[in-house]
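Fold and contact review
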Amino acid sequence: MKGFSIIIVTWNGLHHLKTFLPSVCATDYPDFEIILADNASDDGTVEWVSEHFPEVIISTFDDNYGYCGGNNRAVATASKEILLFLNNDVKVDSKWLHGLNECFKSDEAIGAVQPKLLSYKEPEYFEYAGAAGGFIDKYGYPFCKGRIFETVEKDEGQYDEISEIFWASGAALAIKKDLFEELGGFDEDFEFHMEEIDLCWRVKRSGQKVMYTPESTVYHLGGGSLAMGSPRKVYYNFRNNLFMIWKNYSTSELILGFPIRLFLDVVAAYKSLLGGKPKEFVAIAKAHFHFFLNWIKVQRKRKANTSPKVKSLLGKMPISIIWNYFLKGKKKFDQLL
């Protein structure tokens, strides 16, 4: 049986912890610990958790290091075989760790696992952030089984098979501790968003699999750190996607696909402007400016993409999700197959 170190990063998120932490602490599993990684909160988080849940291990930091930095720093406190990065706005079923444990036990080549992510507000629907596991198209656009762009599917058992995916959502991401450390953890240049896709890309390149299991279910509120559709979120999504593509694509893919991706981003920017969203236009422009400003730094990280261990990048689909979704009207994952 695998042991789990559940790491929850928070910054002034006491309102979320009061709602969601009790379910995590009520987990019914023989071998786990909970680590609260507090990014210098000043809302009484540490005091409240210490009083109400003294079993929680608290790692306090001197600054707000974001999702990536907070998780990376908290790993030093973890003592279990599996790290489980959990957002502070996630409710869990009491038996949720059992399904994750069974998935890891089924194959030594499994490096990371995501549970089924359902919406906390509408539990009959998948949750935007990860749904039933993540995929990526040939131009680097991420999407999920159960969620493509703004279309979120109702959970009707259509994705109730354990399957290999391309990326696991950072809202609830379980990964072998030794593998996480070997890969250098989350890339802190990402700050927020898509850092988990970058990490999973490196997991797959190392020769390990990323899996989805419906035998474990969690309920994610979402929007806890950055509100959906906010210009800041748009900025991180576009900038970090470019970071991720340049770090992980092969040279031939960059030559053939990167100019097309830049063109599609320009189209998205002007679509926002013409749609009466000038702040989104500015956010996309700013994202591109900062990508090229940091290009040399990102280029240095490409050395990792030549690992001889890689066997398959299953989940990286040779399609354009933009073409299929907006022009062909394919709104659901099973329509892409």
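Read on for a plain summary of the structure. Each chain has its residues counted from 1, running along the sequence as written. Only residues with pLDDT of at least 70 get local features here, since the model is predicted, and only at 80 or more are side-chain atom pairs given and counted; chain-wide, interface and lining totals rely on the full set of residues. Computation of side-chain values: all heavy atoms of the structure, hydrogens and water removed.

1. What about the overall build of the protein chain?
A count of helical and extended segments in the protein chain gives eleven helices and 13 strands. Here the C-alpha coordinates of the protein chain stretch approximately 55 × 45 × 40 Å along the principal axes. Burial status follows relative accessibility: with a 1.4 Å probe on protein chains alone, a residue under 20% of its type maximum counts as buried, one over 50% as exposed, and anything between as partly exposed. Within the protein chain, the fraction of its 337 residues that count as buried is 56%. Taking the contacts inside the protein chain whose residues are at least 6 apart along the sequence as the reference set, 77% of them involve residues at least 24 apart. In these tables, accessible area is a Shrake-Rupley quantity obtained with a 1.4 Å probe, and a residue counts as shielded only by the protein chains included in the view. A total of about 14700 Å² of accessible surface is found on the protein chain, and carbon and sulfur atoms cover 55% of it. Counting rule applied: Lys, Arg positive; Asp, Glu negative; His and chain ends not counted. By convention, the charge on Lys lies at NZ, on Arg at CZ, on Asp at CG and on Glu at CD. Across the protein chain, 40 positive and 43 negative side-chain charges occur, with their mean positions spaced 8 Å apart. For the purposes of this entry, the term helix denotes a DSSP run of H or I that reaches at least four residues, the term strand denotes a run of E that reaches at least two, and both are numbered from the N terminus. Note on contacts: a residue pair qualifies if any of its non-hydrogen atoms lie within 4.5 Å across the two residues.

2. Some details on helix α9 (residues 278-293)
Under the 1.5 Å per step criterion, the end-to-end length of α9 is 22 Å for 16 residues, consistent within 8% with the ideal 22 Å. For α9, the full list of buried residues reads Glu280, Ala283, Ile284, Ala287, His288, His290 and Phe291. Seen along its axis, α9 keeps its buried residues to an arc of 165 degrees; they face one direction. Relative to its buried face, α9 has exposed residues pointing more than 90 degrees away, namely Lys279, Val282, Phe289 and Leu293. Along its buried surface, α9 packs onto α7 (231-248), α8 (251-274) and α10 (295-300). Multiply 1.5 Å by the residue count of a helix minus one, and that product is the helix's expected span. The arc in question is the one traced by the directions running from the helix axis out to the C-beta atoms.

3. As for the packing of aromatic side chains
Here the aromatic set is Phe, Tyr and Trp, taking the six-membered ring for Trp, and pairing holds for ring centres within 6.5 Å; pairs whose planes are under 30 degrees apart are stacked, those over 60 apart are edge-to-face, and all others are tilted. Throughout the structure, instances matching the rule amount to 28 aromatic pairs. Their ring planes at 50 degrees and their centres at 5.8 Å tell us that phenylalanine 126 and tyrosine 159 sit as a pair that is tilted. Within this pair, whereas phenylalanine 126 is found in the loop between β6 (110-119) and β7 (134-136), its partner tyrosine 159 is found in the loop between β10 (151-152) and β11 (163-164), the two being separated by 33 residues in sequence. Like phenylalanine 126, the residue tyrosine 159 is buried in the burial classification. An angle of 40 degrees between the planes, with centres 4.8 Å apart, marks the rings of phenylalanine 135 and phenylalanine 333 as tilted.

4. Section: the pairing of β6
Summarising burial for β6: ten of the ten residues are buried, a large majority. Two strands make a pair as long as DSSP finds a minimum of two bridges between them. Where β6 lies against strand β13 (residues 209-220), nine bridges are found, and the strand directions are parallel. Each bridged residue has a counterpart across the sheet, and for valine 113 the counterpart in β13 is methionine 211. Sheet analysis places β6 next to strand β12 (residues 172-176), joined by two bridges and oriented antiparallel.

5. Observations regarding the environment of asparagine 12
Within the secondary structure layout, asparagine 12 lies in the loop between β1 (4-10) and α1 (14-25). Owing to a relative accessible area of 22%, asparagine 12 belongs among the partly exposed residues under this scheme. A sequence separation of 34 residues divides asparagine 12 from valine 46, and the C-alpha atoms of the two residues are 9.9 Å apart. Filtering out sequence-adjacent residues up to four positions away, asparagine 12 remains in contact with Ser41, Asp42 and Asp43.

Honestly, it's all geometry; don't read function into it.
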